[in-house]
Amino acid sequence: MRSRISVLTLMSLVALSACSSSHGTHRDAAGAGGDSSYPAPTASNPYPEIPGSVAVYAAVPTTTVRTGQTFTSDIVLVNGLGTSFDVAGATCNGWLSVGLASKAIPFTPSYTAVGCAPTTVRTGVTRLHRPVAARYASCSEKAHATATVADPACISGYSLMPPLPSGRYRLDLDTSQVPHVIVRTPITITLTNS
């Protein structure tokens, strides 16, 4: 099993960033129509540093997941800024959330606590493990009165999040608190009903 995950990790290894206005700015890296001077991941150096930037690499154990299930994404930040940086509120609120998104269904990370101490990300490599749920992040408790494709009715009228529909999604990261992020080709996840 370990060799299968390692092969998938090398095949799926990418630097990612969400690039909407709520997630900050980014630069594209090689492989996504960007500057080819950025080093590409290799078997001997799967997490290359990009001077002056923070490269965010993600790997998943599989790219096919049953809808409604949860899997873990391994995230590696390589801080090439030459100095550490702080992530506000991360000690009790979490940071660098990971989710699934499509054209019709956005990934909208939510954080609950405020006023927490920051976490310092030092130069070099930082490894994180983030759960990814193949479920909606929110739902409407008003049954079908206000339900939409992006915000469906909750299961049984309560706050139980319904599973995402089967289809193709991209792995999306909230990098809003990470400065100078480099973006590479995203990972595509296929959700199935079986």
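Quantities reported herein were computed from a predicted structural model and do not represent experimental measurements.

Novice: Just checking my understanding: could you explain the pattern of salt bridges for this structure?
Specialist: Per the counting criterion, the structure on display carries 1 salt bridge. Asp172 is the salt-bridge partner of Arg170, the closest N and O atoms lying 3.7 Å from each other. Judged by relative accessible area, Arg170 falls into the partly exposed class, the value being 35%. Accessibility expressed as a relative area gives 9% for Asp172, which makes it buried.

Novice: Can you walk me through the environment of Val181 in this structure?
Specialist: Secondary-structure assignment places Val181 in strand β11 (residues 181–183). Along the sequence, Val181 and Ile50 sit 131 residues apart, while their C-alpha atoms lie 9.7 Å from each other.

Novice: Just checking my understanding: could you explain the pairing of strand β5 (residues 70–79) for this structure?
Specialist: Along any regular strand the residues' side chains alternate between the sheet's two faces. For β5, the buried fraction is high: 7 of the 10 residues fall into the buried class. Alignment of strand β3 (residues 54–59) against β5, held across 6 bridges, turns out to be antiparallel. Directly across from Val56, in β5, lies its bridge partner Leu77.

Novice: Would you explain the sheet that holds strand β7 (residues 98–101) in this entry?
Specialist: Strands in a sheet are paired, the pairing made by backbone hydrogen bonds, and the direction either parallel or antiparallel. Taken together, 4 strands build an open sheet; the order of strands is β4-β12-β10-β7 and the sheet is mixed. Of all the strands in the sheet, just β4 (64–66) and β7 have a single pairing partner and so form its edges. Along the sheet, successive strands turn relative to each other by an average axial angle of 40 degrees, direction set aside.

Novice: I keep staring at the state of the cysteines and nothing clicks. Help me out?
Specialist: The bond known as a disulfide is covalent and runs between the sulfur atoms of two cysteines. For the coordinates displayed, the defined rule picks out 1 disulfide. The disulfide partner of Cys139 is Cys154, and the S-S distance across this bridge is 2.0 Å. Because the sign of the S-S torsion sets the handedness, a value of about 95 degrees for the bond joining Cys139 and Cys154 places this disulfide among the right-handed ones. Note that Cys139 is positioned in the loop between β9 (124–133) and β10 (167–173) and Cys154 in the loop between β9 and β10, a separation of 15 residues in sequence. The exposure classification of Cys139 matches that of Cys154, with both residues buried.

Novice: I tried to follow the packing of aromatic side chains on my own but got confused; where do I start?
Specialist: The geometry of an aromatic ring pair is captured by the separation of the ring centres together with the interplanar angle, meaning the angle of the planes. This structure, assessed with the given rule, holds 1 aromatic pair. Pairing Tyr47 with Tyr57 gives two aromatic rings, centres 5.7 Å apart and planes at 65 degrees, and the pair type is edge-to-face. Of this pair, Tyr47 sits in the loop between β2 (26–28) and β3 while Tyr57 is found in strand β3, placing the two residues 10 residues apart along the sequence. The class for Tyr57 is buried, based on a relative accessible area of 0%.

Novice: Got a minute to help me understand the confidence of the model for the protein chain in this structure?
Specialist: For any part of a model where pLDDT is low, the fine detail of the predicted coordinates should not be relied upon. This prediction gives the protein chain a mean pLDDT of 77; 72% of its residues lie at or above 70. No element of the protein chain has a lower mean pLDDT than helix α1 (residues 2–12), which averages 33, and none a higher one than β4, which averages 97. Counted against residues more than four places away or in other chains, residues 1–34, with its pLDDT under 50, gives 80 contacts.

Novice: Is there a simple way to explain unusual backbone geometry in this structure?
Specialist: Although it is not a glycine, Leu96 adopts a positive phi angle of roughly 50 degrees. Relative to the assigned elements, Leu96 resides in the loop between α2 (90–93) and β7.

Novice: Just checking my understanding: could you explain the nonpolar core for this structure?
Specialist: Within soluble globular proteins, side chains that are nonpolar generally end up buried alongside one another. Core analysis: the biggest nonpolar cluster contains 29 residues, and Ile75, Leu77, Leu96, Leu100 and Leu171 have the highest contact counts within it. Mapped onto this core, the elements with two or more residues apiece are β3, β5, β6 (85–87), β7, β9, β10 and β12 (188–192). The contacts of Leu96, once residues within four sequence positions are left out, are Ile75, Leu77, Tyr111, Leu128, Arg130, Leu173, Asp174 and Val178. Formed by 8 residues, the second largest nonpolar core is a distinct cluster that contains Tyr38, Tyr47, Ala55 and Val76.

Rules and cut-offs
- Residues numbered from 1 in each chain as written.
- Predicted model: local features only at pLDDT ≥ 70, side-chain atom pairs only at ≥ 80, totals over all residues.
- Heavy atoms only, no water.
- Salt bridge = Lys/Arg side-chain N within 4 Å of Asp/Glu carboxyl O.
- Buried < 20%, exposed > 50% of the residue type's maximum accessible area, 1.4 Å probe, protein only.
- Helix = DSSP H or I, 4+ residues; strand = E, 2+ residues; numbered from the N terminus.
- Pairing = 2+ DSSP bridges.
- Axes fitted to C-alpha atoms, helices over the stretch in contact; angles between N-to-C directions.
- Disulfide = S-S within 2.5 Å.
- Phe/Tyr/Trp six-rings, centres within 6.5 Å; stacked < 30°, edge-to-face > 60°.
- pLDDT = per-residue confidence, 0-100.
- Contact = heavy atoms within 4.5 Å.
- Core = buried A, V, L, I, M, F, W, Y, C linked by side-chain atoms within 4.5 Å.

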